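As a plain string of letters, each chain reads:
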Amino acid sequence: MPINPVELYSQSLPQNGIPFHSLDIALEHAEDKLNGTLLELNYNPTLHPSETSRETGKWDTSKLDRYEWTSGFFSGSLWYMYKITGDENWKEFAESWTEDLEDAATISYDHDTGFRIFNSFGNGYKLLKNRSYYSVLLRGANTLSNRYNPTIGAIKSWDWLDTANFPVIIDNLMNLELLFWTADTIENEELYNQALSHADLSLTHHMRDDGSTYHIVDFSDEGTVLKKFTTQGCNSTAPGCGDRSVWARGQAWAVYGFTMIYRFTNEDRFLQAAIKASDYFIENLPEDRVPIYDFLEPVPSVRSKDASASAIVASGLFELYSYTKNVLYFNTAVDILESLTSDNYSTINSDSNAILKKSTIHRGKGNVGTSYADYYYLEAIIRYMELVQSDFPNIEPEIKLYLDQNYPNPFNNSTLIYYSTEQEGRVELAIYDYTGRLVQTLVDRSLPSGNYNILFNSSGLPSGIYFYVLRSNKQTLSKKMTLLK
Ligand code: GLY
């Protein structure tokens, strides 16, 4: 009898946890739509989808460049599909779309470096451990860190908002992940303290007592609060909104952001903030687990849904469950995934190549697909699979090698062979004669990343052409050398 994967996963569900019944449908649909998007983009890796047109359902062609805040999400989804399937084709697509974003690491007019760089290069680095992605991540962290203002104690979110002096938006929490990760990786206290200070300022000023959050807090140059408002939620110029607004995606950024910050800091105040933000979100969810784009929008004609908010929250809640072991968070995340996978929110019966439909960009612009709803939906599915210990294909990081010309060459007794490895891993270096016969194995062991050289002693060997071959798990390099006696 075939094994039902849902039953298999169910064996490791948390106590009273519910299974995600539509898992297989969700994965098949996501793979199908990512393929559809590649075709729609003509396999051109300089095009990075952001949102779909409401008229055609196709990706909006005016929002495909790497300067959009959203440019890292599609490559991130490609990495996730590689992680889920282990299929090398997805890896190649992910590499192409990621590598086109290298320049985005130095975009300095907003805080979105994290979204652009951590979702693309960051996800790639976690899988491949390659040094070239690592250096882009460090460059991105440096760009973001340069936006930090020590007097205010925060990163300025946007340079371009005329109506604010120093706007800090709730979304900015998400981009701290790049700073915290880099601080941890290179053990840099300054980056850590910047991210921590920003997180604390946001906790103090964005969160209301009931756990809901403001979208934007504007600060004076001295660090006093000038005003609190929203541009994407139900703002005070809209009839009936007044000064209060709980922009649903902003609330979702708070759920995810504070949970992620707890992961890096281990500070209980951030865990409590994540719990408060989540409880507000969950208590105010409608039956289908997808909120109106602003929880407090009173005008019926603009009460559009925001599937992206629920996708972000589903992913955040799985992580929050892992710290709190409160099964409510796990089950709400599963409920959200079921709802998003249903006909109501999935594009399963539509021509659109987004995976999900019915997200809202800002007040009055609803009913679109977005690359970020899709990205967090896939991430939530992966987190579910990790929590229930479902199998992922075994993806080994690629150990990248470099091999230089030996010196001296030609040589008459001994020569030095230079090589480098980008990651720790097993490396073999061997000498062959021109007929392909193995002459000597010089190295065959696990090495830390670094630059190496080894002396090859040719005593007893006749003059002639020899080859030295360097191998890792996925790469083989060779060079020729000449022995003259
Ligand atoms: N970070 C921009 C948005 O959520 O729309």
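Residues numbered from 1 in each chain as written. Predicted model: local features only at pLDDT ≥ 70, side-chain atom pairs only at ≥ 80, totals over all residues. Heavy atoms only, no water.

## Observations concerning the packing of aromatic side chains
Within this structure, the stated rule accounts for 37 aromatic pairs. On the numbers, 5.1 Å between centres and 65° between planes, the contact of W69 with F115 is edge-to-face. Highlighted residues: W69 in the loop between α2 (23-40) and α3 (71-85) and F115 in helix α5 (residues 113-128), separated in sequence by 46 residues. On the accessibility criterion, F115 (3% relative accessible area) is buried. Through successive ring pairs, a cluster of aromatic residues spans W69, F73, Y80, F115, W253, Y256, Y372, Y375 and Y376. The cationic tip of R208 hangs over the ring face of Y214; the distance from NZ or CZ to the ring centre is 3.9 Å. (Phe/Tyr/Trp six-rings, centres within 6.5 Å; stacked < 30°, edge-to-face > 60°. Helix = DSSP H or I, 4+ residues; strand = E, 2+ residues; numbered from the N terminus. Buried < 20%, exposed > 50% of the residue type's maximum accessible area, 1.4 Å probe, protein only. Lys NZ or Arg CZ within 6 Å of the ring centre and 35° of its normal.)

## Regarding the site of the ligand
Every residue near the ligand is listed here: W69, D171, Q232, W247, R249 and W253. A distance of 2.7 Å is found between an oxygen atom of the ligand and a side-chain nitrogen or oxygen belonging to R249. Between the ligand and W253, the relevant distance is 3.1 Å, taken from an oxygen atom to a side-chain nitrogen or oxygen of the residue. Across the shell around the ligand, the residue classes tally to 3 nonpolar, 1 polar and 2 charged. (Near = heavy atom within 4 Å. Polar contact = N/O pair within 3.5 Å; in protein donor to acceptor, adjacent residues only side chain to side chain. Nonpolar A, V, L, I, M, F, W, Y, C, P; charged D, E, K, R; others polar.)

## Remarks on the pattern of salt bridges
Under the definition given, this model contains 23 salt bridges. Where K83 meets E386, a salt bridge forms, and the shortest distance between an N and an O atom there is 3.1 Å. With K83 in helix α3 and E386 in helix α13 (residues 371-387), this residue pair connects regions lying 303 residues apart in the sequence. Accessibility expressed as a relative area gives 23% for K83, which makes it partly exposed. Classification of E386 by relative accessible area gives partly exposed; the value is 40%. The residue R471 makes a salt bridge to E428 at a minimum N-O spacing of 2.7 Å. Here R471, found in strand β11 (residues 464-471), pairs with E428, found in strand β8 (residues 425-433); they are 43 residues apart in sequence, far enough to count as distant. Assessed through its relative accessible area of 23%, E428 is described here as partly exposed. Several salt bridges converge on common partners, so that one network encompasses E177, R263, E319, E379 and R383. (Salt bridge = Lys/Arg side-chain N within 4 Å of Asp/Glu carboxyl O.)

## Some points on helix α12 (residues 327-341)
Look at α12: 21 Å from first C-alpha to last across 15 residues, which is about the 21 Å you get at 1.5 Å a residue. Where burial is concerned, most of α12 is hidden: 12 out of the 15 residues are buried. Regarding α12, the residues found buried are Y329, F330, N331, T332, A333, V334, I336, L337, E338, S339, L340 and T341. Tucked into the core, α12 has its buried residues touching α2, α10 (268-283), α11 (307-324) and α13. The N-cap of α12, judged by a side-chain oxygen 2.9 Å from the amide nitrogen of L328 a few residues on, is N326. (Expected span 1.5 Å × (residues − 1). Contact = heavy atoms within 4.5 Å.)

## Notes on the state of the cysteines
Using the criterion set out here, one finds 1 disulfide in the structure. Two residues share a disulfide in this structure: C234 and C241, whose sulfurs sit 1.5 Å from each other. Handedness of the C234-C241 disulfide follows from its S-S torsion of about -95°: it is left-handed. Relative accessible area serves as the criterion here: at 1%, C234 is assigned to the buried category. For C241, a relative accessible area of 7% corresponds to the buried category. (Disulfide = S-S within 2.5 Å.)

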